[in-house]
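Spelled out, the chains give:
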Amino acid sequence: MTKRAVLALADGTTFEGRAFGAVGETVGEVVFNTTMYGYQEVLTDPSYVGQIVTMSYPEIGNVGANPEDEEGSRVHAVGMVVRALSEQPSNWRAKESLDAYLKRNGVAGIEGIDTRRLVRHLRTHGAQMGVISSEGLSPLALVERARSARGMEGLDLATGVSTKEAYTFTQPSPDVFTGLGEVRVPAEPRFDVVAYDYGLKKSMLHFLVDVGCRVTVVPANTSAEEVLARKPNGVFLANGPGDPAAVKGADRTVAALLGKVPVFGICLGHQIMALALGGRTYKMKFGHRGGNQPVKDLTTGKVEITAQNHGFAVDDASLKGLAVVTHINLNDGTVEGLAVPDARAFSVQYHPEASPGPHDARYLFDRFAKLMAG
Ligand SMILES: NC(=O)CC[C@H](N)C(=O)O
């Protein structure tokens, strides 16, 4: 039996649909993702903590869910909005339907929504707080609830999802992804890398291993001294949820590492690196989420199609004299990458590990390996 559900936005817009996944109520920032596949990687990416994800592609759930495609240890998004939910998964890797998967993870979804209208609305009026509820409250009461919910700015969510203990990671990408022979993993690791876990995606670790790293993952609040005491060949700054400027002490810690060891940052890691250099970050109107964002590598002139998931960005002007902008987004001109050659440090706002998305930017992991090889 399908239950009626409502999606209410803080600006007063409401949508009616049917509940799927866990029944109940959830509050989060309503954002949209334009990727056509990979909804399970999206849902389990810890960068989506506190967010309700709208998939702009209309048919979602077709390939069900399976354990290998999880990027984090559970569903981290707090809600999901889709147009047409497929109840009959058709894929040899599927273990359960998307509906069952969300139920088991305790996350609420709403289907039957005009996601084209919703996405256009968010694009025009900006990402905003919203509520999904199947508890029979009036849409007006739900709008009130969305209005009084706290937004993303100033929220340190990374510290909460970071690992509590350090651990070592040595597994290359699973065969299902490398079976085409495109990746040759060195027999022996060549580099010891410390990875700061701000809410990392598993694929990043696999890709580091693929280029010859033995990775030690450490909690977000690990001091620079502790990291340097491990004598790593390089430090990796991972992705993560929330406002980069709110991650406690991270900018000072990274500032203390820059110049002492090669550094590579992705997404939240990139934003934290910019802050560590003295730059600024700001909240975007609706962010970039999807697998089709064009980015130009200014160092080679090449354009790559990239996977992205971010709601904050680095302020270009704030980097003047502090770092070189190496990549820009061709849709809106925002900063997509920076480098500090003297410090052997670089970072990108987008996701070279894709998952989901195109693999055009995989070369960046090799770039990091080359930097460490000296
Ligand atoms: N994927 C990420 O690391 C996201 C970074 C940050 N939370 C943002 O929204 O911009």
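Structural data are supplied above this passage.
Residues numbered from 1 in each chain as written. Predicted model: local features only at pLDDT ≥ 70, side-chain atom pairs only at ≥ 80, totals over all residues. Heavy atoms only, no water.

> Where do I start with the overall build of the protein chain in this structure?
In terms of regular secondary structure, the protein chain is built from 11 helices and 19 strands. Over its C-alpha atoms the protein chain spans a radius of gyration of 20 Å, differing by no more than 12% from the 21 Å that the globule rule assigns to 374 residues. Here the protein chain holds 374 residues, and the buried ones make up 59% of them. In the protein chain, 76% of the contacts between residues at least 6 apart in sequence involve partners at least 24 apart. Accessible surface computed for the protein chain: about 15400 Å², of which carbon and sulfur atoms make up 50%. (Helix = DSSP H or I, 4+ residues; strand = E, 2+ residues; numbered from the N terminus. Rg over C-alpha atoms; globule rule 2.2 N^0.38 Å. Buried < 20%, exposed > 50% of the residue type's maximum accessible area, 1.4 Å probe, protein only. Contact = heavy atoms within 4.5 Å. Areas by Shrake-Rupley, 256 points an atom, 1.4 Å probe, with all protein chains shown as cover.)

> Hey, could you run me through the pairing of strand S18 (residues 335-340) in this one?
Along any regular strand the residues' side chains alternate between the sheet's two faces. With six of six residues buried, S18 lies mostly within the body of the structure. Judged from the four bridges that link them, strand S17 (residues 324-329) and S18 form a sheet pairing that is antiparallel. Paired with His 327 across the bridge in S18 is Gly 337. Connecting S17 to the antiparallel partner S18 that follows it, the hairpin turn spans five residues, and Gly 333 within it adopts a positive phi of roughly 75°. Judged from the four bridges that link them, S18 and strand S19 (residues 345-348) form a sheet pairing that is antiparallel. Counted as the bridge partner of Ala 339 is Phe 346 from S19. Hairpin connection, S18 to S19: the antiparallel pair is bridged by four residues, and Arg 344 has positive phi, about 50°. (Pairing = 2+ DSSP bridges.)

> Looking at this model, I keep getting lost on the sheet that holds strand S15 (residues 281-297). Mind explaining?
The strands that make up a sheet pair up through hydrogen bonds in the backbone, lying either parallel or antiparallel. Ordered by their spatial adjacency, 10 strands build an open sheet running S10-S12-S11-S13-S14-S19-S18-S17-S15-S16, and the pairing between neighbours is mixed. Since the sheet does not close on itself, it has two edges, and those belong to strand S10 (167-169) and strand S16 (303-314), each with one partner. Each strand axis lies, on average, 25° off the axis of its neighbour in the sheet, ignoring direction. Note: strand S11 (residues 191-197) against strand S13 (residues 234-237), four bridges, orientation parallel. Looking at the pairing, Ala 195 lines up with Phe 236 of S13. Sheet contacts for helix H7 (residues 202-210): S10, S11, strand S12 (213-219), S13 and strand S14 (263-266); angle to S12, the most-contacted strand, approximately 150°. (Axes fitted to C-alpha atoms, helices over the stretch in contact; angles between N-to-C directions.)

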